[in-house]
Amino acid sequence: MELIGYDFDNGLSEAYARFRADLHARDENWRRAARKDISADFDPQHAFYRRDGNRHRHFLARVGDRVLGHVSAFFSERLSRQLGVRVGCIGQFEFVEDRAASREAIATACSWLEEICNVSKIWGPMNFEIWHEYRFKTRGFGNRTFAHEPYNPEYYPSHFAEAGFRPLQAWHSFEGRLDGDLRAAHAKAVRRRSDFAAKGMRFDGLDFARLPEELAALHQLIQSALKDFLGFVPLSLEEFLESMAARRGNFDPELVVLARDAESRIAGFAIGFVDVPGDFRQGAEAPRGVCYLGGANPEFGRDIAGIGTAIFGELSERFRARGITTLVQAIVAEGNKSRGLFGASSPAPVSEYVLFEKDVR
């Protein structure tokens, strides 16, 4: 096997993109979940490559003209500074089921991070930082995926385990029906929304007449809400807008719910989108509502206890108005209190995702 290391090479990155598409061409779940065009990830103008202190190296594995797989090594200066320890990441991982080949590629990427970037820990899979794709799906492969869900072949996590990685943190997604197991939780959320409305709180979408200001405020609120997440790094407004633009095909501005007080200050938010059936079984499955991200403004303190439940009530009503009664609470970290939004009677996790870690010194 030949393992080719490169920083920027259009021919090699395009060969990887073709391999990636061919490897998963028959997997409907991958087709639904994955971002198809990854060319921006290899563009020298990508924000990650332009930031001082960052390093990277890509590795393409092949035998002759046949590509076996790919892995990338990333070092983010701001991630290591935020964590107080030098952490590298490996991502852009795609491989045929050849354990010897993938083990060699992963080991090479890890060695590069250790020798060139002097890291003591390595996380993976992670492309750049947590604001991009990261985590392996580890359970729930028979479930229908949704856009932006971590997704991979079932054998990928074992390749990392055999390379010395262990689970660092897990996340789960849950699914329920407003007219079934979510009935009680939904009724409670709608009542909570009414209680806040009676106190002068209103629940709006984005104000398009003030869109730049609205997005800037949402950017700041997301920063505050996610500051305790594993691997959090501050995101510039420019990077946030780039991230939102990359996802604009899925997100509907009417499904961005902002709770505002009488002075129009944002007390909390939720972002949802409609998950439509895949290409292979068009019309065979009903659309689902995906509750993707949400949080409360910590500046309000205890004055808005329960605002998350109220916002869930508003978002679920907006889904119901579209005839959508099946909801997914997407990618909730273990121990996160938002797990309770679906109520005690909600089903067990339908999918699990794990970020792995390896100590190298």
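A. A look at the overall build of the protein chain. Across its full length, the protein chain carries ten helices and 13 strands. On C-alpha atoms alone, the protein chain measures out to a radius of gyration of 21 Å, which is about the 21 Å that the 2.2 N^0.38 rule sets for 361 residues. Each principal axis of the C-alpha distribution contributes one length, and for the protein chain these read about 65 × 45 × 35 Å. Of all 361 residues assigned to the protein chain, the portion counted as buried reaches 52%. A separation of at least 24 residues holds for 74% of the contacts in the protein chain among residues at least 6 apart in sequence. Counting every atom, the protein chain has about 16,300 Å² of accessible surface; 49% of that belongs to carbon and sulfur. Seen as two clouds, the 48 positive and the 51 negative side-chain charges of the protein chain have centres 4 Å apart.

B. Just the confidence of the model for the protein chain, in detail. Per-chain confidence: the protein chain averages 90 in pLDDT, with 94% of residues scoring 70 or above. For residues 279-283, every residue scores under 50 in pLDDT, and the model assigns this stretch nine contacts once sequence neighbours within four places are set aside.

C. Molecular detail of unusual backbone geometry. Look at the link from Gly124 to Pro125: it is a cis peptide, with omega at -5°. Here Pro125 shows up in the loop between β5 (121-124) and β6 (136-139). Positive phi, close to 70°, is recorded for Phe128, a residue that is not glycine. Structurally, the position occupied by Phe128 is in the loop between β5 and β6.

D. Layout of the nonpolar core. Ranked by size, the top nonpolar core spans 40 residues in total, and within it Ile90, Phe93, Ile106, Leu113, Ile122, Phe160 and Phe165 carry the most contacts. For this core, the elements supplying multiple residues, two or more each, are β1 (2-6), α1 (10-23), β2 (55-63), β3 (66-75), β4 (87-95), α5 (99-117), α6 (156-162) and β13 (351-359). Among the elements that make up this core, the one with the highest residue count is α5 (eight residues). Look past the residues within four positions of Ile122 in its chain and what remains in contact with it is Gly88, Cys89, Ile90, Cys110, Leu113, Phe165, Phe356, Glu357, Lys358 and Val360.

E. The arrangement of helix α10 (residues 307-321) in detail. With 15 residues, α10 should cover 21 Å at 1.5 Å per step; its first-to-last C-alpha distance of 21 Å lies within 8% of that length. In terms of burial, α10 is a largely internal element, eleven of the 15 residues being buried. Listing the buried residues of α10 in full gives Ile307, Thr309, Ala310, Ile311, Phe312, Gly313, Glu314, Leu315, Ser316, Arg318 and Phe319. One or two residues past the end of α10 sits Gly323, with phi positive at roughly 80°.

F. Main features of the side chain of His186. Mapped onto the elements, His186 comes out in helix α7 (residues 183-198). Within the structure, the side chain of His186 is placed 3.4 Å from the side chain of Ser316, a separation counted as a polar contact. If sequence neighbours within four positions are ignored, His186 has contacts with Leu178, Ser316, Glu317 and Arg320.

G. Layout of the side chain of Ser80. Position of Ser80 among the secondary structure elements: in helix α4 (residues 77-83). Its relative accessible area of 6% is what places Ser80 among the buried residues. Sequence-distant contacts of Ser80, defined by excluding residues within four places in its chain, comprise Phe75, Val85, Arg86 and Val87.

Rules behind the numbers
Residues numbered from 1 in each chain as written. Predicted model: local features only at pLDDT ≥ 70, side-chain atom pairs only at ≥ 80, totals over all residues. Heavy atoms only, no water. Helix = DSSP H or I, 4+ residues; strand = E, 2+ residues; numbered from the N terminus. Rg over C-alpha atoms; globule rule 2.2 N^0.38 Å. Buried < 20%, exposed > 50% of the residue type's maximum accessible area, 1.4 Å probe, protein only. Contact = heavy atoms within 4.5 Å. Areas by Shrake-Rupley, 256 points an atom, 1.4 Å probe, with all protein chains shown as cover. Lys, Arg positive; Asp, Glu negative; His and termini not counted. Charge placed at Lys NZ, Arg CZ, Asp CG, Glu CD. pLDDT = per-residue confidence, 0-100. Core = buried A, V, L, I, M, F, W, Y, C linked by side-chain atoms within 4.5 Å. Expected span 1.5 Å × (residues − 1). Polar contact = N/O pair within 3.5 Å; in protein donor to acceptor, adjacent residues only side chain to side chain.

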